[in-house]
Amino acid sequence: WVYDAGDVIEQGSVILGATDKDFGSFGLSQQYFRKAMILLLSHDSEFTRGVILNRPTSRYIDGQWRMWYGGDVQGMTSPRPMQEIVCLHALTSPDAMSISIRVIDGISWTTLDGANAMVQRGMATKEDFWVLVGYAGWAPGQLDAEIKRGSWHVAA
C-alpha cells in the first residue's frame, strides 16, 4: 500500500516515478525513472541523492555481489573505479554502524569495501546487503519542481 505523503522531502523519503504520461515526464533519455521507486539517501540545501530500488540486473560485481541499477550517475556504464556502489543493509551492531551511514531507523548503507569488510570479519553475510550501482541526483530545488509538475509522488 502507498499513501500520498504530500510534498515533504527528507532523507529516508521514498518517491515514486509518475506513470500518467508516456514516460512519466522524463523523456526517452530517462525511461528508467518511469515507475521507479527511489529511496532518498540524503537531502539538504545543496544536493539530493537517492537510489532506484526496483531495477534488478543480471550482472554481478566480482562474481559474487548481485548488482541492481541504482541510477545513472556514476552508474553501471562508468569505469569501475568511478562507480558509486551503495550497499543497503539493516545491520545494527556498533561495529556495522561504525562503517555505515544511517538513512532512517532500520536502514543504513555502506560502501562495497565496507560490506566486504563486514563479511570478512564475520559480522554479516553477503545476503545482508542490497548492492546498488549508481545513484540519482538533484540540484537545489530540482526535485521540488519535478514533484510539483507531477513527475514524482512522495510515498513515505
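All figures in this text were calculated on a predicted structure; none of them were measured in a lab.

## As for the pattern of salt bridges
Inspection of the entire model under this criterion finds three salt bridges. For E84, the salt bridge identified is with R49, shortest N-O distance 2.6 Å. Taken together, the residues span a long stretch of sequence, with E84 in the loop between β5 (65-69) and β6 (85-89) and R49 in strand β3 (residues 48-52) at a distance of 35 residues. Between R102 and D105 there is a salt bridge whose closest N-O contact spans 2.8 Å.

## Focus on the sheet that holds β5
Pairing within the open sheet is mixed, and its six strands lie in the order β4-β5-β9-β6-β8-β7. Edge strands, defined here as strands with exactly one partner in the open sheet, are β4 (56-61) and β7 (101-104). Strand-to-strand twist of the sheet, defined as the mean angle between neighbouring strand axes without regard to direction, takes the value 35°. Pairing geometry for β7 and strand β8 (residues 107-110), over three bridges, is antiparallel. From the neighbouring strand, I104 faces β8, where its bridge partner is I107.

## Here's the deal with the nonpolar core
Side chains of a nonpolar character, in soluble globular proteins, are inclined to be buried together. Grouped together as the largest cluster of nonpolar side chains are 30 residues, with contacts concentrated most on I15, I38, I61, F129, W138, L143 and W152. Looking at this core, the elements that each hand over two or more residues are β2 (37-43), β5, β6, α2 (112-120), β9 (130-133), β10 (136-138), α3 (142-148) and β11 (152-154). Not counting residues within four places of it along the chain, the set of residues in contact with I61 comprises M67, R80, I85, L112, V131 and V133. Within the second largest apolar cluster, twelve residues are counted, among which are V14, L53, W68 and Y135.

## Overview of unusual backbone geometry
You will see that K35, though not glycine, has its phi angle at about 60°, which is positive. Of note, K35 is situated in the loop between β1 (14-17) and β2. With a phi close to 50°, Q74 is a non-glycine residue in the positive phi region. Tracing the chain through its elements places Q74 in the loop between β5 and β6.

## Remarks on α2
All of the buried residues along α2 are L112, G114, A115, N116, A117 and M118. The elements touched by buried residues of α2 are β4, β5, β6, α1 (94-98) and β8. A positive phi of about 80° marks G122, the residue just after α2.

## Thoughts on the pairing of β2
Here three bridges tie β1 to β2, and the two strands are oriented antiparallel to one another. When the sheet's bridge partners are listed, I15 is paired in β2 with I38. Where β2 and β3 come together, five bridges link them in antiparallel fashion. Opposite S42, over in β3, you have R49 as the bridge partner.

## Some remarks on the side chain of E146
Relative to the helices and strands, E146 is located in helix α3. Put simply, E146 is tucked away with no salt bridge, and the nearest opposite charge, on R149, sits 4.4 Å away. Within polar-contact distance, the side chain of E146 engages the side chain of W152 at 2.8 Å. The contacts of E146, once residues within four sequence positions are left out, are W138, S151 and W152.

## Details of the pairing of β8
As paired elements, β6 and β8 share three bridges and run antiparallel to each other. Each bridged residue has a counterpart across the sheet, and for L88 the counterpart in β8 is W109. Hairpin connection, β7 to β8: the antiparallel pair is bridged by two residues, and G106 has positive phi, about 90°.

Cut-offs and rules
Residues numbered from 1 in each chain as written. Predicted model: local features only at pLDDT ≥ 70, side-chain atom pairs only at ≥ 80, totals over all residues. Heavy atoms only, no water. Salt bridge = Lys/Arg side-chain N within 4 Å of Asp/Glu carboxyl O. Helix = DSSP H or I, 4+ residues; strand = E, 2+ residues; numbered from the N terminus. Pairing = 2+ DSSP bridges. Axes fitted to C-alpha atoms, helices over the stretch in contact; angles between N-to-C directions. Core = buried A, V, L, I, M, F, W, Y, C linked by side-chain atoms within 4.5 Å. Buried < 20%, exposed > 50% of the residue type's maximum accessible area, 1.4 Å probe, protein only. Contact = heavy atoms within 4.5 Å. Lys, Arg positive; Asp, Glu negative; His and termini not counted. Polar contact = N/O pair within 3.5 Å; in protein donor to acceptor, adjacent residues only side chain to side chain.

Scope: geometric values only; no functional claims are made or implied.
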